[in-house]
Amino acid sequence: MQWSLLNPFSDRFLQTTPDKAQTRETLAKLNSYGVGEDTLDLSKLVRGYGAGSPVYPYEQNNVIFETVFATKRQRINYYRTMAKYAFVKKMLTIISDECCSKRADGSVATFDIDPAYRHKFTETEFNSLKEQFDYIVNAVFKKKMMWKYFNRWLVDGEIFLEICLNDNKDSVVGLKQLPPYCTLCVYDEGILTGFIQDPSLISGDYDRNNIKTFTRNQIAYANYGLYGNNLNDVRGHLEAAVKPINQLRCMEDAQAVYFMVRAPEKRIWKIYGGGLPLPKQQEYLQQCIAQYRRDLNVDPHTGLVNGAAATQALSQDIWVLQDRNGNATTVETFQGGQQFNGMHEAIEGYKEMVADALEVPATRWKLDAGSAQYVQGVEGLSIDESSFQQRCARWAEDFAEVIKQVFMVQLQVMGFEDKYLDSDAYDIKLIPSTDTRRYREMAIAEKGAGILGGLVTMMPTRSNTKDDSDEAPPMLSKQFVMEKFLGMSTEDQLLNQAMLDREVAEIKAARDAIKEEGGDEESEDEGDMEF
C-alpha cells in the first residue's frame, strides 16, 4: 500500500529515519488483534462523506434551524460563512488572541525538553535543537502567520500544511496550506499512514487518475478532535453553534423587518359626527376620508410627483371644525416604535446561547460584565474565566502538533541521529495571553514558601537536636512537612534532593577553590544568587 510512490517529492521523506513515536504507533497496530473502525476505501474517502447517518437524526419541524451537510466542502464553507458573522468573528478573535499571543521579545512559541527526557540531552544539544526550532517558527511558519493558521484551524476544524524542502532536500523551506475540504487522511486500523487530495473538488473536473497522495510526514496535520461518523468526518469548533447562530440571525432579520414595517408613524382620525343619523354619519366619514387622505402619485414617465392629486405631506397643516361645546374631529399619532419592547432582550438571549456554544464566558464579550478590571493570575479569577483559559490551553496544545511535526521533519532531513528523532521528547507550546497554569504554580509556591518559613524552626537541625541546646526540640519531620504541608510527591522530593546535593557540592567546590587561591571566602559568597 505505497500511495506515496505516486508523489514525485515523497522519495526524500521515505528515506528519512522515522519518528520514534510513529514507530511505536505502528508496532502497537501490528501487535493488536481487534478490527479498527476506519479502513482504506478510496471511493468512500475521496467522494463520500457520510453525513446522512440514521443514527444521527436532526429535529424536523416547520422552521428548520439545523443544517444538514451532504459533503465536507459544504460543511467547511458553511463554517467559513459563520466565521464572517460579526458576533462569531468576535468570539473567534477572543479565543485566538488568548491561545496565540506574542511576547515582548516577539516570540510566539516556546521549545523545551520534556522533563522525562531531560537527562538524555546536554546543554549543547539543547541549544542545537533550539536553533532548528527558531528557524522553523521564524522562517518557515513566520510569526505573523501563526495567529492566522490557528484562527483558520479553529474555523475549519482541520489544517493540512504540505512541507516543502529545498532543492538539496536537506532542509524545510516553506509550507503550503492545502484546502481541507478536498484533502483526507488515510487510516490503517486507526493509525494515520498518509493523505489523499482530490483536486476535482476545486476544479470540478473529476479524474480518478489525478488524485494526489502524500506520505504521513509530508503533511503537517492537526484537527479539532471532534468526529462524526468516522475519523475523516471532522467537526470544527463552530459545529455546536450552527443552530443557535441560525436562530440569532433569524431573530436579527425579524427585528430589522419589524422595525422597517412599524417604524413610520400613523395618524388615527376620530371623526366627530355630531347629531347626524347613522346613514349620514357613514356618508360624512367617507367625505372626510376623501377630503383629508392624499395619495402620493408619481408620473411613471417623468418620475415627477403629479400635483393634480393634491398631494399632502405629514408636515402640512390640517383644519377641522369644532362646535361650541368643544367637540370636534381629532387626529392622534400612533408610533410604531412603542411596540418594540422585549425584542432586544430576546436577541441578547440568543447571543448568550451562541457564546455558550463557542465556550466563551460572558466576561469576555458583554460590556456590562466585562467592565471589571482584567485580572492576571489566579487570585480573584472567576470559575468561568479559569475554565475558559484551561480550554484555550488545550486548544493551543492540539494546534501546536503541526509545529512539532514540521520540526521533526527538519531534524529528519538534516540527518540528526535517532536519539533526537522522538517527538515525545519535545515540549512545544504556543504562548498564551494569560498563562494560568504558571500563575497557579507561582501562587502555590509562594504560599508553600510562607508555610516553610513558619515551620523551619520546628524541624530538626544541628543546633536544636543537641542535648544541651537551649532551643525548643524539633516537632515536625522534614519529610512530613514536604508531603503534608507542601504537597510534594516522592518524585518531587527525590528530584529536589538530587538538585540540592548538586548545588551544595558546586558551592563547596567553589569555596575550596577560592580558599586554595588565598581569596576571601566570605566576600566571594556575598550576593551569590546566580542561576
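Residues numbered from 1 in each chain as written. Predicted model: local features only at pLDDT ≥ 70, side-chain atom pairs only at ≥ 80, totals over all residues. Heavy atoms only, no water.

Attention now goes to the pattern of salt bridges. Under the definition given, this model contains 16 salt bridges. When the shortest N-O distance is used, the salt bridge between Glu 98 and Arg 364 registers 3.1 Å. Here Glu 98 is found in helix H5 (residues 86-99), whereas its partner Arg 364 is found in the loop between helix H11 (343-357) and helix H12 (383-413), with 266 residues between them in sequence. Between Asp 156 and Arg 152 there is a salt bridge whose closest N-O contact spans 4.0 Å. Remark: Arg 152 and Asp 156 occur in helix H7 (residues 143-156); sequence separation between them is four residues, near one turn of the helix. Since its relative accessible area comes to 2%, Asp 156 is described here as buried. Taking relative accessible area as the criterion, Arg 152 reaches 35% and is therefore assigned partly exposed. (Salt bridge = Lys/Arg side-chain N within 4 Å of Asp/Glu carboxyl O. Helix = DSSP H or I, 4+ residues; strand = E, 2+ residues; numbered from the N terminus. Buried < 20%, exposed > 50% of the residue type's maximum accessible area, 1.4 Å probe, protein only.)

Read across the open sheet, the three strands follow the order S3-S2-S7; overall the sheet is antiparallel. Sheet topology places strand S3 (172-178) and strand S7 (219-223) at the edges, where each strand pairs with a single neighbour. Put simply, the sheet's adjacent strands are angled 25° from each other on average, direction ignored. Bridge count for strand S2 (residues 158-165) against S3 is six bridges, and the pairing is antiparallel. Bridged to Ile 163 within S3 is Leu 175. Where helix H6 (residues 123-141) meets the sheet, it contacts S2 and S3, and its direction lies at approximately 55° from that of S3. Contacting S2, S3 and S7, H7 crosses the sheet at an angle of about 135° to S2. (Pairing = 2+ DSSP bridges. Axes fitted to C-alpha atoms, helices over the stretch in contact; angles between N-to-C directions. Contact = heavy atoms within 4.5 Å.)

On to the sheet that holds strand S4 (residues 183-188), then. The three strands lie next to each other as S4-S5-S6, forming an open sheet whose pairing is antiparallel. If you trace the sheet from one side to the other, it starts and ends with S4 and strand S6 (212-215), each paired once. With strand direction ignored, the average angle separating the axes of adjacent strands in the sheet is 30°. Pairing geometry for strand S5 (residues 191-197) and S6, over four bridges, is antiparallel. Looking at the pairing, Ile 196 lines up with Thr 213 of S6.

With that out of the way, let us pick up the packing of aromatic side chains. A complete count under the given rule lists 18 aromatic pairs for this structure. Judged by centre distance (6.0 Å) and plane angle (50°), the rings of Phe 121 and Tyr 420 are tilted. Separated by 299 residues along the polypeptide, Phe 121 in the loop between strand S1 (109-113) and H6 and Tyr 420 in the loop between H12 and strand S12 (426-430) bring together distant segments of the chain. Take Phe 121 and Tyr 420: they sit in the same class, and that class is buried. (Phe/Tyr/Trp six-rings, centres within 6.5 Å; stacked < 30°, edge-to-face > 60°.)

If you check H6, its first and last C-alpha atoms are 26 Å apart, about what 19 residues at 1.5 Å a residue would give, namely 27 Å. Those residues of H6 that sit buried are Glu 125, Leu 129, Gln 132, Phe 133, Ile 136, Val 137, Val 140 and Phe 141. Considering only its buried residues, H6 is in contact with S1, H7, S2, S3, H12 and S12. With its phi angle positive at about 70°, Lys 142 sits one or two positions after the end of H6. (Expected span 1.5 Å × (residues − 1).)

Attention now moves to the pairing of S5. On a regular strand, each side chain points to the face opposite its neighbour's, so the side chains alternate between the two faces of the sheet. The buried fraction of S5 amounts to six of the seven residues, a majority that puts the element mostly inside the structure. Relative to S5, S4 runs antiparallel, the two sharing six bridges. Each bridged residue has a counterpart across the sheet, and for Leu 184 the counterpart in S5 is Ile 196. Count of turn residues in the S4/S5 antiparallel hairpin: two residues, of which Glu 189 carries a positive phi of about 55°.

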